[in-house]
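# Fold and contact review
Listed here are the chains, written in short residue letters.
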Amino acid sequence: MRNLLLVTACVLVSGCLERQAQVAPLAPQPEPTAVNSDCYTVDLFTRAKVDEPAADVPLEHRLFLGKWGGGAWGDFWCHDLVVTKIEAGGRVELVEMLAPYEPWNYPATAFLRTARIDGEGNLRFAYGTERLSYRIENGKLVGTRSGLYGNLRVELVRRGVPPIPTPKPIRLVRLAAALEPGG
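Residues numbered from 1 in each chain as written. Predicted model: local features only at pLDDT ≥ 70, side-chain atom pairs only at ≥ 80, totals over all residues. Heavy atoms only, no water.

### Regarding the environment of Asn151
We count it as follows: Under the scheme used here, helices are H or I runs from DSSP no shorter than 4 residues and strands are E runs no shorter than 2 residues, and both carry numbers assigned from the N terminus. Working definition: with a 1.4 Å probe on protein chains only, accessible area under 20% of the residue-type maximum means buried, over 50% means exposed, and in between means partly exposed.
Tracing the chain through its elements places Asn151 in the loop between β7 (140-146) and β8 (152-159). On the basis of relative accessibility, which here comes to 52%, the residue Asn151 falls in the exposed class. In this structure, the C-alpha to C-alpha distance between Asn151 and Leu132, residues 19 residues apart in sequence, is 10.0 Å.

The following block contains the structure:
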């Protein structure tokens, strides 16, 4: 009887292992050709509030703030990103949203994440086997993702709230002068 239970347990475990192996990553996908404005991920129960950055947050970091969407990883898996908070040291808080994707049996998800903007101006974060990086190019948020699902690329556009205005150089000069001792 004990041997029968042992054999049954082995069969069950091997069946589970076989099922996990079926979730193998797809082959690399072609780069997306266009932003898909109809791409839909999830509706958040609570609106993600974008915090006003402190004065010491670099201007190039501020450009990441806000809601980004209209793109799909590998041109097939819809994705949105809401960057809600950026600190002067480069620490970032965001909401990552992904659409359901039936071929992988992946449900719609939304997760709070913590990221960092590195010295090269890339917003980066990781979890599990996934590594994500975003940069701003020509007004778009261009992302790369590597991990269980292969190497994917996405281009997102700003949605809703317009970007935080970049101060004009003359204002920066006046601000710097006002901050100097005796200024």
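### Comments concerning the nonpolar core
Considering soluble globular proteins, one finds that nonpolar side chains tend to be buried as a cluster. Heads up, the condition is: The term nonpolar core refers to a set of buried residues drawn from Ala, Val, Leu, Ile, Met, Phe, Trp, Tyr and Cys, joined through side-chain atoms within 4.5 Å.
Formed by 26 residues in total, the largest nonpolar core has its most connected members in Trp77, Val83, Leu123 and Tyr134. Top element by residues in this core is strand β2 (residues 77-86). It accounts for four residues.

### Some remarks on unusual backbone geometry
Glycine aside, residues mostly have negative phi angles, and peptide bonds mostly take the trans form. In this structure, Asn105 takes a positive phi of about 60 degrees despite not being glycine. Looking at the element boundaries, Asn105 is found in the loop between β3 (91-98) and β4 (109-117). The exposure class assigned to Asn105 is exposed, which follows from its relative accessible area of 61%. Despite not being glycine, Asn138 shows a phi value in the positive range, around 50 degrees.

### Quick notes on the packing of aromatic side chains
Rules: Pairing of aromatic rings covers Phe, Tyr and Trp, the last counted by its six-membered ring, and requires centre-to-centre distances within 6.5 Å; plane angles under 30 degrees mean stacked, over 60 mean edge-to-face, and any other angle means tilted. In this scheme, Lys NZ or Arg CZ marks a charge over a ring once it lies within 6 Å of the ring centre and within 35 degrees of the ring normal.
Scanning the model with the defined rule gives eleven aromatic pairs in all. Ring geometry for Trp73 against Tyr134: centres 6.1 Å apart, planes inclined by 55 degrees, an arrangement best described as tilted. Pair noted here: Trp73 is in strand β1 (residues 66-73) and Tyr134 is in strand β6 (residues 130-137), with a separation of 61 residues, a long-range link. Summarising the burial analysis for this pair, Trp73 and Tyr134 share the class buried. Through a chain of ring-to-ring contacts, three or more aromatic side chains come together here, namely Phe76, Trp77, Tyr101, Trp104, Tyr106 and Tyr149. Over the ring of Tyr127 we find Arg113, and its NZ or CZ is 3.5 Å from the ring centre.

### Topic: the pairing of β2
Consecutive side chains along a regular strand alternate between the two faces of the sheet. Basically, it comes down to this: Two strands pair if DSSP finds at least two bridges between them.
Taken across its ten residues, β2 has nine buried, putting it largely inside the fold. Judged from the six bridges that link them, β1 and β2 form a sheet pairing that is antiparallel. Of the residues in β2, the one forming a bridge with Trp73 is Trp77. Where β1 folds back onto β2 in an antiparallel hairpin, the turn is made up of three residues, including Gly74, whose phi is positive at roughly 60 degrees. Hairpin connection from β2 to β3: four residues lie between these consecutive antiparallel strands, with Gly90 at a positive phi of about 100 degrees.

### Observations regarding the environment of Val50
Quick reminder of the rule: Between two residues, a contact is recorded if the distance between any of their heavy atoms is within 4.5 Å.
Within the secondary structure, Val50 is located in the loop between α1 (2-21) and α2 (59-62). C-alpha of Val50 to C-alpha of Leu65: the two residues are 15 residues apart in sequence and 7.1 Å apart in space. Not counting the four nearest positions on each side in its chain, Val50 is found in contact with Leu65, Gly66, Val82, Val83 and Thr84.

### Examining the pattern of salt bridges
Applied cut-off: Criterion for a salt bridge: a side-chain nitrogen of Lys or Arg within 4 Å of a carboxyl oxygen of Asp or Glu.
Counting across every chain of the model gives twelve salt bridges. A salt bridge links Lys140 to Glu155; the nearest nitrogen and oxygen atoms lie 3.3 Å apart. Residue Lys140 is found in strand β7, and its partner Glu155 is found in strand β8; the two are separated by 15 residues along the sequence. For Lys140, a relative accessible area of 29% gives the class partly exposed. The class of Glu155 is buried, set by a relative accessible area of 18%.

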